[in-house]
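Structural overview for review
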Amino acid sequence: MSSTPLIQMQDVHKYYGAYHALRGITAEIAEGEFFSLLGPSGCGKTTLLRAIAGFEEISSGAILLNGADMAGVPPNRRPTNMVFQSYAIFPHLSVEQNVGFGLRRSALSVGEKTRAIGEALEMVGLGHLGGRAAHALSGGQRQRVALARALILKPKVLLLDEPLSALDRKMREDMQVELMKLQREVGITFVLVTHDQEEALVMSDRIAVMFEGEIAQLADPEVLYRRPATKRVADFIGVMNFLPATASGRSVEAAGLGVADLAADQMPAGPVTGACTVGLRPETLSILHDGEASKAREASAQIEEVVYYGDMTYYDVRLDGMDTTMRISMRNMVGRDVLDVGARTRVAWDPRAMVVFPD
Amino acid sequence: MISPPLIYALLLLAVPLLTIILFSFWTQNFLTIDRTFTVANYAEALTDPLYRELMLRSLRIAGLVTAATVLLAFPIAYFISFHVTPEKKALWIFLITIPFWTSYLIRIFLWRVILAYDGPVNGTLLELGIIEEPLSWILYNANSVVITLAHAFAPFAILPIFVSLEKIDRSLLEAARDLGEATAMTFIRVTLPLAMPGVLAAVLIVFIPTVGDYVTPRLVGGSGGTMIANMIYVQIFDLSNRPMGATLAVLAMLTVTITLAWFILHIRFWVHLSDRVGGGVLGLALAAVAAVIDIAIVRWVFLHGPDWFGPAGSLGVLAAIMGGGAILIAWFVPKGRWGI
Amino acid sequence: MKRSPLALFAGLYLIFLYAPIILLPLFAFNDGTIIAFPLRGFTLGWFADLANTPALHEATLNSLIIACSVAVLATCLGLFAARAVTRYKFPLKGGILGFIMLPLVLPEVIVAISLLVVLMLLLPDLPIETGFQIGEYVIVLSVTPDLVLEVSNFHRTVFSFALPLPIILGHTLLCLPFSIAILQGSFQGLDQSLEEAALDLGETRAGAFRLVILPLVTPGIIASLLICFIISLDEFIIAFFLSGNEPTLPVYLWGQLRFPARLPVVMALGTILVTLSIVLLIVADIFRRRGLRRTGQSETGGFL
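Each residue is numbered by its place in its chain's sequence as written, counting from 1. For naming, the first written chain is A and the first written ligand is 1, with later ones following in the order written. Note on the predicted model: pLDDT of at least 70 is required for a residue's local features to be given, and 80 or more for side-chain atom pairs to be given and counted; whole-chain, interface and lining totals, by contrast, use all residues. Each side-chain value is worked out from all heavy atoms of the structure, with water and hydrogens disregarded.

A word on the side chain of T66 of chain B
In DSSP terms, a helix is any run of H or I states spanning at least four residues, a strand is any run of E spanning at least two, and both are numbered starting from the N terminus. Along the chain, the position of T66 of chain B falls in helix α3 (residues 49-83). When sequence neighbours within four positions are dropped, the list of residues in contact with T66 of chain B reads V203, V206, F207 and T210 of chain B. Contact between two residues is taken to exist if any of their heavy atoms lie within 4.5 Å; hydrogens are not considered.

Structure representation (structure tokens):
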């Protein structure tokens, strides 16, 4: 990693008329990083990506690429290339012509261009399809052509706008792995826009979670999942149970569970006293079957709902003395029966899995 | 479900069209129709320089009208599709189609007024000091026919081009920009090729009816702007030679069909040439040069062939050049874009 | 909207498109007998002249009868075609539709003279008559080639009505493509499951059509009627070739164009026609859009 970050976003604002689409985005993306912008639709992630590409002019602030301010630089002069959500494969050109589209201005000879196109197609596993017409491609193939077309120009940054959203589930999972491999191979910085938290967690080195034009949290996937900064981030990424609690210093009493002393990184940034909320992921809790001993602490509860998924079972349980239910996910194993609705049970919980949010 | 309209179209379109072909092989002696089969009408129509001149003029005027209409329509369609906000597009299209629905005769007649020696066009140009004397070449000749027809057929050209421009995925243009092309080259490499189906539709939809237009040449054409439809009318009503009228009508249809088939086939050739040199400006230029040469050859044979090869011989040469070219293209040039 | 050269061009182009329509009323209200600049003064005299021109009234009536018949006939045929095209798959669908749409591009002169030639071949066999008697009344229906309905008792003709059949049939041929295009828009947005849902909920086929399909396509039908009416009212070539001694409005106009003294009156008539066309057009477009909105489609453009 070089000392200056590849992309610097400094207090970027974007207005569409009165609508404030980007509200002071400040972030840096390092060279070679796989960076994701994650958020629900309308959060401004695509606007930010298009601002980096040069398709949107920002209202204030600055975007620097390789230390150079990009203000007023049109998309065709930026060292970025994009994989569009619709892939934007030119329907009137063949696969080869699509991949070679951006080479028209390069100084390569005809032979070198042909070789470059061949290599790019090999790289995405489409070496055999060069002559095919673009409209005769499947969704996955279109995406590979779009990748080859962008990567052949050896950009500093590859921007990907929801590149997997048009694929079916199986294909999406395969492509996630392939994209990661490809990124490692070419060593180019990838900036990915996605609304799929799983996709972001799987592929990214770092993720910026965005809501309403602001970055809510910027962290690596594990921190993001285990220590979400706000309830909203916690709720957007995976499932989290929220329990009302009262805090005094680092000693937190969660309703229905009990008192626990937490570590500093489990507490919110500011000091918390009094009412707060405790978050627990479903997989950090477990249902104790009869006779099973717990390694952690226990609370008694009743099962309100059972959802069977094959490999997993999801239980909604109500802790004694509580009105609301908590979700617990259990891996199904030999010898562990699925419990019925209405059964009494014990819930095992670990204070180390807790995250505290201010109210 | 389709049958009632189909039967209707068969009875009122197919049957009459076949009848007119039949009719063209008969002759008329004053008021009685002689129903013996003869190709005399065709022999006369094909050898008489007057008919040939009229046919060529009709094609030339229709070609000019088509070129003018499409060239003027493209920027408008582009403007509406790319620069007008989506809510206002329908209004613009509506504005453009309104004049088309107002009285055809009166519209054309008014062009006579507008283009007249003392009309508003000359008046304005004189006022502005652009011209010293009123222009006389804008009325009662082929020019006025071109202007008037370009006006009459404007929506026919704008709408198909607009539709094909609207169909272009805007992200394609962004992709071209992203891949390093500036606006102008993006237009040449992406927008224009993708709009071509609309342009071709516009060419067909303007060219075919204008070849056979009757009213415009009569009202604003003068003697130099007379077209084949006027001759058909004269044959049928003034000379009472209906079979000759029918022959000319059949020949007009045939000529239009052959011209368009030739044109479409040669577009394939021109596009192929352009692709061979990698498209772009060079490709466009090469295609344009090829087109000019192609058209010049056919035109020369059509006009001057009879002096060199005799009337029948010139038709043979024409058929050989056009047919041979067609076979060569169909055989050697791969089927290109837009299904042609 | 950006003030670009393109916008400027669009503005100039609109002036080019509207030049004749703008000039028309200028001359219609101009107190001068020559259609040329400069304008003299304001007058309504030319409109008054229209009122006392009996030949014009006959031509107008003739045109209105034709236009109404064409509108109904073309729209009925268009309904069949539009429903067939949007609902069913059948062999040669594209070819058949293309053939029906052919008059859209075929030069009108060709259509006109082929119809004329057929008419002439049929003429020796005309009139074809059929009649029957109810009480003392004799009802005769004949094709002369006009379609004539005549009711008479033994002493005199009680009722007589003639439809200029050749022109109506020719115009219908011409209007059919437009009718199909408009109605296709209405039918396209119609989800097939709507009809199936109605059947599933216990309606009969006829009931489903009346209660579900008809309300949704009615705006399209009205738009089609209006457009066919406008086209027929304005059509010249076919009427010119096929009209006998009863001219339609455009044929009458054409005759008048030869007399310079009549031109201001023609301008007045033209102004009325243009105004009428524009009003009808706006109404038709409102209905067409309403139809599209009802079936949940977005607006994409005008007619054609």
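Quick look at the interface of chain B and chain C
Counting residues at the interface gives 76 residues for chain B, matched by 82 residues for chain C. Buried area counts how much accessible surface, traced with a 1.4 Å probe, disappears from two parts once they are put together, with both parts' losses summed. Taking both sides of the interface into account, the surface hidden between chain B and chain C amounts to around 7400 Å²; carbon and sulfur atoms contribute 86%. Salt bridges are counted wherever a side-chain nitrogen of Lys or Arg sits within 4 Å of a carboxyl oxygen of Asp or Glu. Between chain B and chain C we count 0 salt bridges in total. Sorting elements by how many residues they give to the side of chain B that touches chain C places helix α1 (residues 3-23) of chain B first, with 14 residues. In this classification, the charged set is Asp, Glu, Lys and Arg, the nonpolar set is Ala, Val, Leu, Ile, Met, Phe, Trp, Tyr, Cys and Pro, and all remaining amino acids, among them Gly, are polar. Taken together, the residues of the side of chain B that touches chain C break down into 63 nonpolar, 8 polar and 5 charged.

Description of the domain arrangement of chain C
All names here are of chain C. In terms of domains, chain C is made up of domain 1 (45-123 + 164-295) and domain 2 (124-163). Start and end points for every domain follow an automatic or database-based domain assignment. Computed over C-alpha atoms, the centres of domain 1 and domain 2 are 28 Å apart. In this assembly, 11 residues from domain 1 lie in contact with 10 residues from domain 2. Note on domain 1 versus domain 2: buried area summed over both sides is about 810 Å², and carbon and sulfur give 69% of it. Of all residues in domain 1, L123, P164 and L165 give up the largest surface area on contact with domain 2, accounting jointly for 52% of the area buried on that side. Counting across the domain 1 and domain 2 interface gives 0 salt bridges. Between N or O atoms, a polar contact is any pair within 3.5 Å; within protein, one atom must be a potential hydrogen donor and the other a potential acceptor, and residues adjacent in sequence are included only when both atoms are from side chains. The tally of links from domain 1 across to domain 2 stands at 1 residue pair in polar contact (both at pLDDT 80 or more). Counting residues per element, the ones that place at least two in the side of domain 1 that touches domain 2 are α3 (54-87), α5 (108-122) and α6 (165-188). Ranked by residues supplied to the side of domain 1 that touches domain 2, first place goes to α5 with 4 residues. Considering only residue class, the side of domain 1 that touches domain 2 consists of 10 nonpolar, 1 polar and no charged.

So, unusual backbone geometry
The omega torsion across T144 of chain C and P145 of chain C is 20°, close enough to zero to call that bond cis. Tracing the backbone through its elements, the reader meets P145 of chain C in the loop between β2 (137-143) and β3 (147-152). Phi at A88 of chain A is positive, roughly 50°, even though this residue is not glycine. By the element assignment, A88 of chain A lies in the loop between β6 (80-83) and α2 (95-99). At S240 of chain B, a residue that is not glycine, the phi angle is positive and equals roughly 50°. Its place among the elements puts S240 of chain B in the loop between α12 (228-238) and α13 (242-276). Burial classes follow relative accessibility: with a 1.4 Å probe on protein chains only, a residue under 20% of its type's maximum area counts as buried, one over 50% as exposed, and anything between as partly exposed. You can call S240 of chain B partly exposed: its relative accessible area is 23%.

A closer look at the nonpolar core
Put simply, buried Ala, Val, Leu, Ile, Met, Phe, Trp, Tyr and Cys residues joined by side-chain atoms within 4.5 Å make one nonpolar core. Formed by 218 residues in total, the largest nonpolar core has its most connected members in M9 of chain A together with Y214 and V215 of chain B. In terms of residue count, α3 of chain B provides more of this core than any other element does, 15 residues in total. Leaving out residues up to four positions away in the same chain, Y214 of chain B has contacts with A229, N230 and Y233 of chain B together with V109, F236, I237, F240 and W254 of chain C. Residues F34, I89, L147 and M175 of chain A belong to the second largest nonpolar core, which totals 34 residues.

Focus on the sheet that holds strand β17 (residues 312-319) of chain A
Residues and elements named next belong to chain A. Whether two strands pair depends on DSSP finding at least two bridges between them. Pairing within the open sheet is antiparallel, and its 5 strands lie in the order β15-β19-β16-β17-β18. Each edge of the open sheet is held by one strand with a lone partner, namely β15 (286-288) and β18 (326-331). Shown here is a sheet whose adjacent strand axes are inclined to one another by a mean of 50°, direction ignored. In terms of strand pairing, strand β16 (residues 297-308) meets strand β19 (residues 344-349) through 6 bridges, oriented antiparallel. The partner of A299 across the bridge, within β19, is V347. Throughout, an axis means a line fitted to C-alpha atoms (over the contacting stretch in the case of helices), and angles, computed between N-to-C directions, take values from 0 to 180 degrees.

Some words on empty space enclosed by the protein
Gaps between atoms show up when a probe of the same size as a water molecule is rolled over them. Of the grid points, spaced at 1 Å and generated over the protein atoms alone, those admitting a 1.4 Å probe that cannot get out make up cavities, while open sets with protein on both sides within 12 Å along at least five of seven lines make up pockets; any residue with an atom within 4 Å of a point is treated as lining. Grid points are joined across faces, edges and corners, and a volume is the space filled by probe spheres set on the points. The tally for this structure, following the rule as stated, stands at 4 cavities of 30 Å³ or more. In this structure, the largest cavity occupies an estimated 570 Å³ of space. Forming the boundary of the largest cavity are 26 residues, of which F100, Y104 and F156 of chain B together with E108 and L174 of chain C lie nearest the centre. Listing elements by their share of the lining of the largest cavity, those giving two or more residues are α5 (104-114) of chain B together with α5, α6 and α8 (205-234) of chain C.

Some words on the packing of aromatic side chains
Geometry of an aromatic ring pair is reported as the spacing of the ring centres plus the angle between the planes. Side-chain rings of Phe, Tyr and Trp, where Trp is taken by its six-membered ring, are said to pair if the distance between their centres is within 6.5 Å; with planes under 30 degrees apart they count as stacked, over 60 as edge-to-face, and otherwise as tilted. Inspection of the entire model under this criterion finds 34 aromatic pairs over all chains. Clustering of aromatic rings is evident, with ring pairs tying together Y214, Y233 and F237 of chain B together with F236, F240, F241 and W254 of chain C. Sitting over a ring, as applied to charges here, requires NZ of Lys or CZ of Arg to be within 6 Å of the ring centre and within 35 degrees of the ring normal. Sitting above the plane of the F211 of chain A ring, R232 of chain A keeps its charged end 4.1 Å from the centroid. Positioned over the ring face of F82 of chain B is R170 of chain B, at 4.0 Å from the centre of the ring.

Comments concerning the sheet that holds strand β1 (residues 128-134) of chain C
Strands pair in a sheet through their backbones, by hydrogen bonds, and they do so in one of two ways: parallel or antiparallel. Residues and elements named next belong to chain C. Pairing is antiparallel across the open sheet formed by 4 strands, whose spatial order is β1-β2-β3-β4. If you trace the sheet from one side to the other, it starts and ends with β1 and β4 (157-163), each paired once. Strand after strand, the sheet turns through a mean of 10° between neighbouring axes, direction not considered. Bridge count between β2 and β3: 6 bridges; the pairing is antiparallel. Considered in β3, the bridge of V143 is made with L147.

Things to note about the interface of chain B and chain A
Between chain B and chain A, the residue contacts involve 18 residues of the former and 22 residues of the latter. Here chain B and chain A share an interface that buries about 1900 Å² over both sides, 58% of which is from carbon and sulfur atoms. For chain B, the biggest contributors to the area lost against chain A are D178, L179 and R189 of chain B; these three give 35% of the whole. Counting across the interface, chain B meets chain A through 2 salt bridges. With a shortest N-O distance of 2.6 Å, E174 of chain B and R50 of chain A are connected by a salt bridge. Put simply, chain B and chain A have 10 residue pairs in polar contact (both at pLDDT 80 or more) between them. For the side of chain B that touches chain A, the elements supplying multiple residues, two or more each, are α9 (170-178) and α10 (183-211) of chain B. Per element, the largest residue contribution to the side of chain B that touches chain A is 7 residues, and it comes from α9 of chain B. The class makeup of the residues in the side of chain B that touches chain A is 9 nonpolar, 2 polar and 7 charged.

Let's talk about the packing of helix α4 (residues 86-97) of chain B against helix α1 (residues 5-28) of chain C
When two helices pack together, their arrangement is given by the angle between the helix axes and by the axis-to-axis distance. Contact geometry for α4 of chain B and α1 of chain C: axes closest at 9 Å, N-to-C directions at 35°. Residues W92, L95 and I96 of chain B of α4 of chain B lie in contact with α1 of chain C, whose contacting residues are A10, L14, L17 and Y18 of chain C. Residues of the contact of α4 of chain B with α1 of chain C, tallied by class, amount to 7 nonpolar, no polar and no charged.

Points about the confidence of the model for chain B
Parts of the prediction with low pLDDT should not have their coordinates interpreted in detail. Residue-level confidence of the predictor is what pLDDT reports, using numbers from 0 through 100. Per-residue confidence for chain B gives a mean pLDDT of 86, with 97% of residues at or over 70. Mean pLDDT across the secondary structure elements of chain B bottoms out at strand β2 (residues 32-34) of chain B, with 78, and peaks at α9 of chain B, with 93.

Overview of the side chain of H151 of chain B
By secondary structure assignment, the location of H151 of chain B is in helix α7 (residues 142-152). At a separation of 3.2 Å, a polar atom in the side chain of H151 of chain B contacts the side chain of W111 of chain B. A polar contact is formed between the side chain of H151 of chain B and the backbone oxygen of F16 of chain C, at a distance of 3.5 Å. Not counting the four nearest positions on each side in its chain, H151 of chain B is found in contact with R107 and W111 of chain B together with F16, L17 and P20 of chain C.

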